Amino acid sequence: MHTNHSKLKTGVGLRSPHLDQFLNSSPNNVSWVEVVAENYMEHEDHFQGVSIANLEQVRSHLPVILHGVSLSIASTDPIKASHMKRLKNLIDRIQPEWVSDHLCWTGVDGENLHDLLPLPFTREAIFHVVDRIKQVQDYLGQRILIENISSYLEFTESEITEWEFLKEVAERSDCHILLDVNNVYVNSINHGFDAQDYLEALSQDRIQQIHIAGHVERNGVLIDTHSTNVRKEVWDLYRESVRLFGPIPAMIERDADIPEWEELEKEVEMISRITTEESHEAEKVAARI
Amino acid sequence: MKLKKLQQEFKAAIKNDAVPENLNPLRFKVYSQAYWIRMEESLEEDFPLLVEALGEDSFSELVEDFLIHMPSKFSSLSEVSKALPNFLSNKEWSKRYPYAADLARIEISELLSRQSRWIKPSDFTELSKFSQEELLKVVFYFQPSARLLRLDWSIDTNEFARSKKQKLFYLILKEKCGLKTHPLQEFEFKILEHLIQKDTLGSVLEKLETDAPLRLGESFRKWAEIGLFISYELKM
Ligand SMILES: [Fe+2]
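Residues numbered from 1 in each chain as written. Chains lettered and ligands numbered in written order. Predicted model: local features only at pLDDT ≥ 70, side-chain atom pairs only at ≥ 80, totals over all residues. Heavy atoms only, no water.

A. Focus on the coordination of the iron ion. Residues and elements named next belong to chain A. The coordination sphere of the iron ion contains the protein donors Glu-147 (OE), Asp-180 (OD), His-211 (ND1) and Glu-253 (OE), at a distance range of 1.9 to 2.3 Å. Coordination geometry of the iron ion: the 4 donor atoms subtend angles of 86 to 171° at the metal centre, consistent with an arrangement described as irregular. Sequence positions of the donors to the iron ion reduce to the motif E-x32-D-x30-H-x41-E. With Glu-147 in strand β5 (residues 145-147) and His-211 in strand β7 (residues 207-213), the pair connects residues that are 64 residues apart, well separated along the chain. Looking at His-211, the relative accessible area reads 0%, which means it is buried. (Donors = N, O, S within 2.8 Å, 3.2 Å for Na, K, Ca; no water. Tetrahedral: all angles 85-135°; square planar, octahedral: opposite > 155°, others 65-115°. Helix = DSSP H or I, 4+ residues; strand = E, 2+ residues; numbered from the N terminus. Buried < 20%, exposed > 50% of the residue type's maximum accessible area, 1.4 Å probe, protein only.)

This is the structure:
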């Protein structure tokens, strides 16, 4: 049922305005799609919704990745059994290539703020998150991917850098990383670090997928809105990630002001172009050695 | 546990529009403002007529009041919307906008119905050969889009203030050609209300203490015609 992962090249976050393009065939340059898991988990046990039927149709001809937004892996609440059960049901039904969620918390004391909230980078948080990723992986019977988030503030409690935190969490829990290069860039400006340091700290074998997206600037803060075209600086950082880690399945995330497919397709093509250029470059270097 | 305390303070500050200690106030505002905007936009999208009826300001006030009293415990924002109609039935809001709970109920039912899949009804010809006794043991399976509505208000969407108090019963159904709203008699509503819970026809009639099968023939023909039931099962 699963695709050989080396066949997963460039993908896109599939959103409803572009559904028609994907129901019966796949546009050029797109070899897989990612969907937001929660959008298909609503109908609980019955799976009677239109959206799940559409997703199954897409899945019949294209690999699908499930991306969660409310696992709240870093929350200090117990992991929600009902959420896990629904996620597992969806996995059984859709047979995704893999499943991911964010390295963040979305609420506490039973409440959900429906946002990806930041963490202090402390030892306490590492042990807490690692334990919970292990619980999730045991329950799902597979390794998950965790994604680095955008953040707008830092905690004075932090003891290490964000990339040290991400790396250690991934290693200790033996999970994979979904590297969002836009989030790395946004945080590097918001918190004043060198994005290159972030990338160089990570090891290639942990990174299984890449997100690329657009952001905006408001009052001197970069906000991860997924509402615009990808900025040049983020493309540059993606290029750097290909140099460092080789070709890894990468995709465009667009969640607001979603343009016509023809417009978004140009960004998908851009991913392919950069990946090909850098791969050729790497081959040339290898040939010289 | 320090992390738990940090999360609790962060959450409280977002909701109270305060700033936790040691955090940059301008940066924290990105989170607190985003919270209210996100919640309001999501509810606005699901209840466009309610926004029109209440006006932007009252709707914002409603969202704030709703989230303070009934904070989201759900995985997704669409589930938050499902809780709004009942909140509108509370004393204060029902006094200000007596028809608003019903209006919200209609909007959310239509939305959920629209998101449901249409399933081709199976063949019911065998059913007509069932004896009266067998028919009472039948359980019906409904289209996933079927929503039953019991309303206290007849809502005038051209001029909301002119809405009138009136008991009304409806069935919302996604049919092959699109979403339809069918008015129901009170007895039809009561029967469907039980049948949709997978009660047998016999037990429904018992519960309602009626021996109305004669009147039901017409209703069942109508429901079969619009494809309300997708299949049935004889419970022995
Ligand atoms: Fe992302």
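B. Up close: the interface of chain A and chain B. With 50 residues of chain A at the interface, the matching set in chain B holds 37 residues. When chain A packs against chain B, close to 3700 Å² is buried across both sides, 54% of that on carbon and sulfur atoms. It is A:Glu111, A:Leu113 and A:His114 in chain A that bury the most area against chain B; as a group they hold 18% of the surface buried on that side. At the boundary of chain A and chain B, one finds 6 salt bridges. In this structure, A:Glu111 engages B:Lys11 in a salt bridge whose closest nitrogen and oxygen atoms are separated by 3.4 Å. Counting across the chain A and chain B interface gives 20 residue pairs in polar contact (both at pLDDT 80 or more). Put simply, the parts of the chain that give the side of chain A that touches chain B at least two residues each are α2 (50-59), α3 (81-94), α4 (123-140), α6 (181-191) and β9 (221-223) of chain A. When the residues that make up the side of chain A that touches chain B are grouped by side-chain class, the tally is 19 nonpolar, 17 polar and 14 charged. (Contact = heavy atoms within 4.5 Å. Buried area = accessible area lost by both parts, 1.4 Å probe. Salt bridge = Lys/Arg side-chain N within 4 Å of Asp/Glu carboxyl O. Polar contact = N/O pair within 3.5 Å; in protein donor to acceptor, adjacent residues only side chain to side chain. Nonpolar A, V, L, I, M, F, W, Y, C, P; charged D, E, K, R; others polar.)

C. Summary view of helix α1 (residues 2-16) of chain B. The terminal C-alpha atoms of α1(B), which comprises 15 residues, lie 21 Å apart, in line with the 21 Å expected from a rise of 1.5 Å per residue. A positive phi of about 55° marks B:Asp17, the residue just after α1(B). (Expected span 1.5 Å × (residues − 1).)

D. A look at the sheet that holds strand β4 (residues 178-183) of chain B. Residues and elements named next belong to chain B. Sheet architecture is open: 3 strands sit in the order β2-β3-β4, paired in antiparallel fashion. The open sheet has two edge strands with one neighbour each: β2 (147-154) and β4. Adjacent strand axes in the sheet meet at a mean angle of 30°, parallel and antiparallel pairs treated alike. On the sheet, helix α10 (residues 186-195) packs against β2 and β3 (164-175) and is oriented at approximately 145° with respect to β2. (Pairing = 2+ DSSP bridges. Axes fitted to C-alpha atoms, helices over the stretch in contact; angles between N-to-C directions.)

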